[in-house]
Amino acid sequence: MSNSSPIKAGELALERIIFASRWIQAPVYLGLILGAMLYTYKFAVELIHLTLETPHLTEEQLMLGILTLVDVSMVLNLLFMVVIGGYATFVSHMDIYEHEDRPDWLEKIDAGMLKVKLAAALVSISAIHLLKAFVNIENKSFEQLKWQVILHLVFLLSAVVLALMEWVIKKSHH
């Protein structure tokens with residue numbers, strides 16, 4: 001059978017369709033960018049509120065407000081890791097290697113490392129939520145705190161397992 005058989009031509013056409021289907025993800029990444037813009041708006045609202053209310057806030061209330069800003073910042077970092085890393089890994093090469101603001105991690109990212117970075121970001125976000133809960137402990141029930149700690153430990157364990165798996169995979173390829 002020659003390479004130009006109808007079956008081979010059909011297989012090639014199917015492979016091209018499957019490969020082109022990666023572009024289905026592009027609108028998802030655009031949607032995440034819109035979500036980041038909405039989250040940035042919430043950040044600005046919280047910052048203005050904190051600025052205007054600072055004279056009337058206790059130190060604890062101010063700390064909770066600032067932790068909220070840190071939390072929003074970390075969620076935005078997570079979103080952009082997903083958008084940039086996901087697009088570059090799964091959709092299309094990004095021609096930004098000459099750009100002065102190109103993130104250093106982008107040249108070293110692959111699907112496994114992206115998962116590890118995302119898991120680490122989730123652990124950090126969870127830690128901020130846990131810290132906020134303990135700062136505001138008088139308004140939290142034992143049950144709420146217990147589940148937050150359990151969830152944080154699950155995120156932490158997941159991140160460690162993902163990092164370990166990525167290390168083992170990279171080590172076995174060398």
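Note that the structure is predicted; figures quoted are calculated from it, not measured.

What counts, and at which threshold
- Residues numbered from 1 in each chain as written.
- Predicted model: local features only at pLDDT ≥ 70, side-chain atom pairs only at ≥ 80, totals over all residues.
- Heavy atoms only, no water.
- Helix = DSSP H or I, 4+ residues; strand = E, 2+ residues; numbered from the N terminus.
- Expected span 1.5 Å × (residues − 1).
- Contact = heavy atoms within 4.5 Å.
- 1 Å grid on protein atoms, 1.4 Å probe; cavity = no way out; pocket = protein on both sides within 12 Å on 5 of 7 lines; lining within 4 Å.
- Points joined across faces, edges and corners; volume = space filled by probe spheres on them.
- Nonpolar A, V, L, I, M, F, W, Y, C, P; charged D, E, K, R; others polar.
- Phe/Tyr/Trp six-rings, centres within 6.5 Å; stacked < 30°, edge-to-face > 60°.
- Lys NZ or Arg CZ within 6 Å of the ring centre and 35° of its normal.
- Patch = residues over 30% accessible without salt bridge, like charges linked within 9 Å, V, L, I, M, F, W, Y side chains within 5 Å.
- Areas by Shrake-Rupley, 256 points an atom, 1.4 Å probe, with all protein chains shown as cover.
- Salt bridge = Lys/Arg side-chain N within 4 Å of Asp/Glu carboxyl O.
- Buried < 20%, exposed > 50% of the residue type's maximum accessible area, 1.4 Å probe, protein only.
- Core = buried A, V, L, I, M, F, W, Y, C linked by side-chain atoms within 4.5 Å.

Next up on the list: helix H5 (residues 142–173). The terminal C-alpha atoms of H5, which comprises 32 residues, lie 47 Å apart, in line with the 46 Å expected from a rise of 1.5 Å per residue. At its buried positions, H5 is contacted by helix H4 (111–135).

Attention now goes to the layout of surface pockets. Using a probe with the size of a water molecule, rolled over the atoms, empty space left in the structure can be pinpointed. Here the largest pocket defines a volume of roughly 180 Å³. Looking at the lining of the largest pocket, the elements with two or more residues in it are helix H2 (26–53) and helix H3 (59–91). Per-element tally for the lining of the largest pocket: the top contributor is H2, with 4 residues. For the lining of the largest pocket, a count of residues per class yields 11 nonpolar, 1 polar and 2 charged.

The geometry of an aromatic ring pair is captured by the separation of the ring centres together with the interplanar angle, meaning the angle of the planes. Here the structure, examined in full by the defined rule, presents 2 aromatic pairs. Ring geometry for Trp23 versus Tyr87: centroids 6.0 Å apart, planes at 75°, classification edge-to-face. Of the two residues, Trp23 sits in the loop between helix H1 (6–20) and H2 while Tyr87 sits in helix H3, which places them 64 residues apart along the sequence. Plain terms: the ring middles of Tyr29 and Tyr87 are 6.4 Å apart, the flat faces sit at 80° to each other, and that makes the pair edge-to-face. Residue Tyr29 is found in helix H2, and its partner Tyr87 is found in helix H3; the two are separated by 58 residues along the sequence. Taken together, the ring pairs connect Trp23, Tyr29 and Tyr87 into an aromatic cluster. The positively charged end of Arg22 is found above the aromatic ring belonging to Phe19, 3.9 Å away from the centroid.

Residues Leu30, Ile33, Leu34, Met37, Leu38 and Phe80 make up a contiguous nonpolar surface patch of about 600 Å² in total accessible area. Among the elements that line the nonpolar patch, the one with the most residues is H2, at 5 residues. Tracing the backbone shows Ile33 in helix H2.

What follows concerns the pattern of salt bridges. Inspection of the entire model under this criterion finds 3 salt bridges. Across the pair Glu11 and Lys8 runs a salt bridge, and its minimum N-O distance is 3.8 Å. Linking Glu11 with Lys8, this pair stays in helix H1, spanning 3 residues, or about one helical turn. Using a relative accessible area of 36% as the deciding quantity, one classes Glu11 as partly exposed. A salt bridge links Glu143 to Lys146; the shortest N-O distance between them is 3.4 Å.

We now examine the nonpolar core. Counting residues in hydrophobic clusters, the biggest one holds 9 residues: Val75, Leu78, Met81, Leu106, Ile109, Leu114, Leu118, Ala121 and Ile125. For this core, the elements supplying multiple residues, two or more each, are H3 and H4. The element best represented in this core is H4, accounting for 4 residues. Leaving out residues up to four positions away in the same chain, Leu106 has contacts with Ile84, Ala88, Met94 and Ile96.

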